[in-house]
Amino acid sequence: MVKLAFGALALAVLAGAAACGSRSPDPAPLPAACVTAEDCGDDNACTVETCMGGVCSSAYLERTATVLLGAGPAGTDAAMFTMAATSGSVIPRTTHTFCPDGADPATDPPTCVGELDLPSAAGAAFTPAAGGAGGTLVAVVPTRFASLVTQVFQTSGTIGSGSIAVVGNGACAGSAQTYASLPVQVAFTISEGGELDATASVDVVSLANATVECISGNVAGQVRVQLEAAGRSLIRASLQASLELALERQLCAGPPCPPGFSDLGGLCRKGGAASAPCMARPRDPKTHLLEPAACVP
């Protein structure tokens, strides 16, 4: 399971998500014999968005998971994830730094900030695992990483600077940049003990086709190719981590946490490690409905 350590601004899984306040009664009572997902309406899905609106009701695992990537409210801002400074070397005697000044979501375009338009995801589909202990989500998510700021150095000093971008139209920062359509998959399992482990994957070929290198200066072609690959790998890992956390915020329990789990960012994680599985929200053994979840700040 890919997880990254983010700073204070690190990850806004659903932009603007804040404390939810008091809840209202469920918008529609659940049917007495609610035994299949089709029997329950979309208004019974307990999501971050409905929590933000002050309403949180029971939901089927399958429907709640699908809402994550395919049924967000119209006009919701894109989810955002940021990157800290990262240094490395792709060939001998040449080093580089990505995001030397960290992330700045306030610039236009945002620097070192990834954007996922989850409400506009297309083709969202959920395949439950055998026995209902997890499943796999697939969708095509509009994604943009406008500017992964890049500096390249040799012993003589800076030899190049610019950015690497993941966009839909091949444009560099400073020009209009559209969202790229990236196929993603988020698989998760739930153990008998209730531990949820999520693993996201972003299509490598689609991501490579959407990546553009925008570095100026005396940088050799071989170095440019390697820098683009290194930047793309970093963006992919961050994107996958953000998708995993988005799913966890839908399906994992918050505090108070059971023994052996600790509250990390509003979710109960095993052993208190940020990369550890979280405690899945309980389900009714007869209906398999998810129990109402506390809103996650």
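Rules behind the numbers
Residues numbered from 1 in each chain as written. Predicted model: local features only at pLDDT ≥ 70, side-chain atom pairs only at ≥ 80, totals over all residues. Heavy atoms only, no water. Helix = DSSP H or I, 4+ residues; strand = E, 2+ residues; numbered from the N terminus. Polar contact = N/O pair within 3.5 Å; in protein donor to acceptor, adjacent residues only side chain to side chain. Contact = heavy atoms within 4.5 Å. Phe/Tyr/Trp six-rings, centres within 6.5 Å; stacked < 30°, edge-to-face > 60°. Buried < 20%, exposed > 50% of the residue type's maximum accessible area, 1.4 Å probe, protein only. pLDDT = per-residue confidence, 0-100. Salt bridge = Lys/Arg side-chain N within 4 Å of Asp/Glu carboxyl O. Core = buried A, V, L, I, M, F, W, Y, C linked by side-chain atoms within 4.5 Å. Disulfide = S-S within 2.5 Å.

**Some words on the side chain of T211**
Point 1. Position of T211 among the secondary structure elements: in strand β12 (residues 211–217).
Point 2. A polar side-chain atom of T211 sits 2.7 Å from the main-chain carbonyl oxygen of L207.
Point 3. Every residue in contact with T211, bar those within four places of it in the chain, is listed here: I164, A165, V166, E228 and R232.

**Some words on the packing of aromatic side chains**
Point 1. In this structure the tally under the stated criterion is two aromatic pairs.
Point 2. Seen from their ring centres, F81 and F145 are 6.0 Å apart, and the 45° between their planes marks the pair as tilted. Highlighted residues: F81 in strand β3 (residues 79–82) and F145 in strand β8 (residues 134–154), separated in sequence by 64 residues. Residues F81 and F145 agree in their burial class; the two are buried.
Point 3. Residues F126 and F188 carry aromatic rings whose centres are separated by 5.9 Å and whose planes lie at 25° to one another, so their mutual orientation is stacked.

**Here we look at the confidence of the model for the protein chain**
Residues shown with low pLDDT carry predicted positions that ought not to be read at fine detail.
Point 1. Mean pLDDT over the protein chain works out to 76, with 68% of the residues at or above the 70 mark.
Point 2. For the protein chain, per-element mean pLDDT is lowest for strand β1 (residues 11–12), which scores 25, and highest for helix α3 (residues 204–210), which scores 98.
Point 3. Note on residues 293–297: pLDDT is under 50 here. Beyond four places in sequence and across chains, it has 17 contacts.

**Brief notes about the pattern of salt bridges**
Point 1. The full count for this structure, using the stated rule, is five salt bridges.
Point 2. Of the charged contacts in the structure, one is a salt bridge between R144 and E115, with a shortest N-O distance of 2.9 Å. Note that R144 is positioned in strand β8 and E115 in strand β6 (residues 113–116), a separation of 29 residues in sequence.
Point 3. Overall, the relative accessible area of 17% leaves R144 in the buried class.
Point 4. Judged by its relative accessible area of 8%, E115 falls in the buried class.
Point 5. One salt bridge connects E195 with K270, and the closest N-O pair in it is separated by 3.0 Å. Here K270 lies in strand β14 (residues 267–270) and E195 lies in strand β11 (residues 195–202), a separation of 75 residues in the sequence.
Point 6. Look at E195 and you get partly exposed, because its relative accessible area is 22%.

**Thoughts on the nonpolar core**
Point 1. Core analysis: the largest hydrophobic core is formed by 47 residues, its most contacted members being L116, L148, L182, F188, L196 and L243.
Point 2. Put simply, the parts of the chain that give this core at least two residues each are β3, β8, β9 (157–166), β10 (180–190), β11, α3 and α4 (221–251).
Point 3. Ranked by the residues each element gives to this core, the list is headed by α4, at nine residues.
Point 4. Other than its neighbours up to four places away in sequence, L182 contacts A139, V140, V141, T143, V166, V202, S206, L207, A210 and L239.

**Points about the state of the cysteines**
Point 1. Following the criterion strictly, the structure yields four disulfides and no others.
Point 2. Between the sulfur atoms of C252 and its disulfide mate C278 the distance is 1.8 Å. Of this pair, C252 sits in the loop between α4 and β13 (261–264) while C278 is found in strand β15 (residues 278–279), placing the two residues 26 residues apart along the sequence.
Point 3. Among the residues examined, C252 registers a relative accessible area of 3% and is labelled buried.
Point 4. Accessibility expressed as a relative area gives 0% for C278, which makes it buried.

**Comments concerning unusual backbone geometry**
Point 1. In this structure, P109 follows D108 across a cis peptide bond, with omega equal to 0°.
Point 2. Position of P109 among the secondary structure elements: in the loop between β5 (94–98) and β6.
Point 3. The omega torsion across P255 and P256 is 5°, close enough to zero to call that bond cis.
Point 4. Within the secondary structure, P256 sits in the loop between α4 and β13.
Point 5. The residue C99 is not glycine, and still its phi comes out positive at about 55°.

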